[in-house]
Amino acid sequence: MERYNFKSVENKWQKFWDEEKTFSVKINKNKKKFYCLEMFPYPSGKIHMGHVRNYTIGDVLARYKALQGFNVLHPMGWDSFGMPAENAAKQNKLDPRKWTETNIANMKSQLKKLGLSIDWDREISTCSEDYYKHQQKFFLELLDKKLVYKKENYVNWDPIDETVLANEQVIDGKGWRSGVNVERKKLSQWFFNISKFSQDLLDGLDTLDTWPNKVKVMQKNWIGKSFGCEVDFEIEGNQEINNIKCFTTRPDTLFGFSFLALSVDHEISKIYANDPNFINFKNECSKTGTTEEALAIGEKIGFKTNLTAVNPLNPKHKVPVYFANFVLMDYGFGAVFGCPAHDQRDFDFAKKYGLEIITVVKPQDENNNFKVTKEAYSGPGIIINSDYLNGLKAPEDSVLETIRILEDKKIGKKKINFRLKDWGISRQRYWGCPIPVAYDESGNVHKVPSSMLPVKLPQNIDLNVKGNPLDSQTDWKKINIEGKNLTRETDTLDTFVCSSWYFLRFCSPQDTNYGFNKEDVDYWMPVDQYIGGVEHAILHLLYSRFFMQALSHKNDNFNLLEPFGGLFTQGMVCHETYKDSDNNWISPDEIETIDGKKYLKKDNSKIIRVGPSESMSKSKKNTIDPENIISSYGADAARLFILSDSPPEKDVQWSEEGIISSFKFIQKLWNLNLKIIEEIEKDHEKDHNSEITKFTNKFIERMTKNLDSFGYNKLIANMHEMYSFLIKQVEYKYKKTTLKENYEKILTAINPIVPHLSNECLEMISC
RNA sequence: GGGCGAAUGGCGGAACUGGUAGACGCGCACGACUCAAAAUCGUGUUUCGCAAGAAGUGAGAGUUCGAUUCUCUCUUCGCCCACCA
């Protein structure tokens, strides 16, 4: 048996695809298009197994669609702005651009070795001027549409790194890099007005039929629509304050009102700004843990003011006003009406401060003497103890009826509230897209005219300064716009902005006038299948959807609200973890197996403990380098294994045995190929046409079904069945044409999965 | 605290709209080849039982001629969100 030389075969075809530009595509209006996109990588230096899985899944789909006759767009690019480059550059005194470009070159060659059907002519990199120039134009466009604004707001501030951190960069209340507690700081920041589209973003979800339900639910919860009303409470006790507005979803429980709680950041707090007791209380609030869970289950504390609030439905009833640590300033009006009997949090607060607990809803089967004592009752029921509201069915009828009454009395009105907050896009960082505005002496914002774009980052600057390196670039900061001497904005854009429109750029990667070209986008968009990790379910996917809303807003030339027609979220790649007797993590490379037990390679007397399989991470040392895998076993074997063990949406366990078995299977397919070629040449007289033809048809039917439904693990099972069938069939005698035709069909069907092997075999039988 | 989802051999997983549970792979066992090992090939592998046979898809109920699949209750695990008024 001849050994299959995967290295030369894989090289040969990769070179062929490169030279022939096999995967370069152009608009062809006679053909149906298919836009297959995987989330582009951050160029960290090397590809990891997660990339291998993501891009293999995408490649199988792209190749399959191409075989079906679609005009397939399958591009790749680099999400190349961001903190790792800046940090690496800082530590090693390098240029972030150089660091990034070296990484891109390396990762690109690694991706090519996987045999991906990428149109490399469309490669883009978000840190290139060609790319961010257009992003700056979009920024100014949105500024004109009033979808971008600047305002003072609380942000996560890392006191060591002196920068704002995104929410996702704050882990357990600490900066992910510095490890110190993040502070809340009020800063003037740029925002995208994403909340303007709350309802549209919610409605759009219903049109995304093939998105995983899980992701749609997550986005829905994130947008967080709630129906209720705003209520004006009359305030007594201070000349300057007449009323306070609250948002509530349960106005029908107003007769159960027993306190009003304000956020410590509420306007009214100004009155107490010099009160030492209040300052004390404020400090106390900031002490109670910073993690979200700690906040949620933490103790509720309050500060009693000398104010009283009047119950609008029962003006004789007056209740105290508190500041409380559980009231958020940026939801509703930063003020809550407290109804202890029917809200657990209000109940806890009332118990602690000895406030009234008035029961106003009873469960259906209780009598009118029902009383809340041990815990709040938040279920449905009938309104009681509420004068003219008594007897209404809660919450359905009672809420609507109460709103009607409040509106009549002009002390409240129906309101829909969203949880979604505007997107803070300012970052005090060097390695990002500069925000194309400047300020005059009075701080007024001036747009950088489009003739002066892009606003380029200064080169070769000192990054080892406190805070944003751009702040100390005094020369760069000076700009003259239409004769006026101005100072540039030094904040750069959040890198999520870059990834919010890159899929448009792939349609027209070379267009110099604008971020994309209408004809290209009209043909290619939307992305038919988007594939990536579920960790982006909210942020990136929501931001991209918003960006399309924003570009389409007041625009006759562009109307595309949903960028991703189909979405598939793949699972993670996991591996067993290993520890030695001293509890140190041990890498799989340092281990050998003897009689089913694991020992340290360099010292066989040391037994290794095998831990649970967990997602690959550097800290647990359970990573496998794809480059080593490809050079030892080949790309086809790697592709085969990453698809074989688990359905793509679930986590997959990487194992040595698994990759070896895939490698052997490739060899078996090769041996099968040689046998079949031998048989074809014999061109037997007798023929068993029907049996092999029947099998081939069934095989193709199964493969098609599994390709269409992302049952990619089952494709591999089908291939094993095919092997077992054919290896027995070569014993039978077939006519040349029968065997050849059927075998060709089978090779074509497995081409998306093992493209190198399949192409090589197809070439061999055709000559 | 809220939401979403999952549970099938030693392991990863199959089973199309309710119709032979365990496809395919890993692992394991035995056999062939070999002086031997590796590789390769073959056979077997849910559990109990020598067998005939019986039980069996987290637990319990229900619908049905028939349930891994549908309904309800519970248990465990995973993921996401979290003081949202």
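Whatever comes next refers back to the structure up there.
The following paragraphs examine the structure supplied in this document. (Residues numbered from 1 in each chain as written. Chains lettered and ligands numbered in written order. Predicted model: local features only at pLDDT ≥ 70, side-chain atom pairs only at ≥ 80, totals over all residues. Heavy atoms only, no water.)

Topic: the protein's contact with RNA strand B
Right, on to step 1. In the vicinity of RNA strand B, 34 residues are found, and the nearest of them are Thr 249, Phe 326, Tyr 331, Arg 419 and Lys 714.
Right, on to step 2. Counting only the atoms of RNA strand B within 4 Å of the protein, the fraction contributed by sugar and phosphate is 65%.
Right, on to step 3. Within the side chain of Lys 300, an N or O atom sits 3.1 Å from a base oxygen of RNA strand B.
Right, on to step 4. Between RNA strand B and Lys 714, the relevant distance is 2.8 Å, taken from a phosphate oxygen to a side-chain nitrogen or oxygen of the residue.
Right, on to step 5. Secondary-structure elements contributing two or more residues to the surface near RNA strand B are α7 (213–223), β11 (243–248), α9 (292–297), α19 (656–682) and α21 (712–729).
Right, on to step 6. Looking at the surface near RNA strand B, the element that brings in the most residues is α21, giving five residues.
Right, on to step 7. Class assignment of the residues belonging to the surface near RNA strand B gives a composition of 13 nonpolar, nine polar and 12 charged. (Near = heavy atom within 4 Å. Polar contact = N/O pair within 3.5 Å; in protein donor to acceptor, adjacent residues only side chain to side chain. Helix = DSSP H or I, 4+ residues; strand = E, 2+ residues; numbered from the N terminus. Nonpolar A, V, L, I, M, F, W, Y, C, P; charged D, E, K, R; others polar.)

Focus on unusual backbone geometry
Note on backbone geometry: most residues besides glycine have negative phi, and most peptide bonds are trans.
Right, on to step 1. The step from Leu 453 to Pro 454 runs through a cis peptide bond, and the omega angle for that step is 0°.
Right, on to step 2. On the secondary structure map, Pro 454 appears in the loop between β24 (445–447) and α12 (474–477).
Right, on to step 3. Looking along the chain, the bond that leaves Met 525 and enters Pro 526 is cis, with omega of -5°.
Right, on to step 4. Despite not being glycine, Lys 21 shows a phi value in the positive range, around 50°.
Right, on to step 5. In this fold, Lys 21 is placed in the loop between α1 (6–20) and β1 (33–38).
Right, on to step 6. A positive phi angle, close to 70°, is found at Asn 583, a residue other than glycine.
Right, on to step 7. By secondary structure assignment, the location of Asn 583 is in the loop between β30 (573–579) and β31 (585–586).

A look at the environment of Arg 63
Right, on to step 1. You can see Arg 63 is positioned in helix α2 (residues 49–67).
Right, on to step 2. Arg 63 sits in the buried class, given a relative accessible area of 7%.
Right, on to step 3. Separated by 692 residues in the primary sequence, Arg 63 and Pro 755 place their C-alpha atoms 8.7 Å from one another.
Right, on to step 4. If we ignore the near neighbours within four places in the chain, the residues touching Arg 63 are Trp 17, Phe 23, Gly 115, Leu 116, Ser 117, Arg 639, Asn 751, Pro 752 and Pro 755.
Right, on to step 5. A polar side-chain atom of Arg 63 sits 2.8 Å from the main-chain carbonyl oxygen of Gly 115. (Buried < 20%, exposed > 50% of the residue type's maximum accessible area, 1.4 Å probe, protein only. Contact = heavy atoms within 4.5 Å.)

A short note on the sheet that holds strand β2 (residues 71–73)
Right, on to step 1. Spatially, the four strands line up as an open sheet ordered β2-β1-β28-β29, and their pairing is parallel. At either end of the open sheet lies a strand with only one pairing partner, and these are β2 and β29 (567–570). Geometrically, the sheet is characterised by an average inter-axis angle of 20° between neighbouring strands, direction not taken into account.
Right, on to step 2. Across three bridges, the pairing between β1 and β2 is parallel. Considered in β2, the bridge of Tyr 35 is made with Leu 73. (Pairing = 2+ DSSP bridges. Axes fitted to C-alpha atoms, helices over the stretch in contact; angles between N-to-C directions.)

Some words on the sheet that holds strand β9 (residues 183–192)
Right, on to step 1. Here we have four strands laid out as an open sheet, ordered β6-β5-β9-β20, and antiparallel in their pairing. For this open sheet the edge positions go to β6 (163–165) and β20 (423–424), each flanked by a neighbour on one side alone.
Right, on to step 2. Of the strand pairs in this sheet, strand β5 (residues 148–158) and β9 are connected by 10 bridges, and their pairing is antiparallel. The partner of Tyr 149 across the bridge, within β9, is Phe 191.
Right, on to step 3. Running at roughly 90° to β9, helix α5 (residues 129–144) makes contact with β5 and β9 of the sheet.

Function cannot be inferred from these measures alone, as they are strictly geometric.
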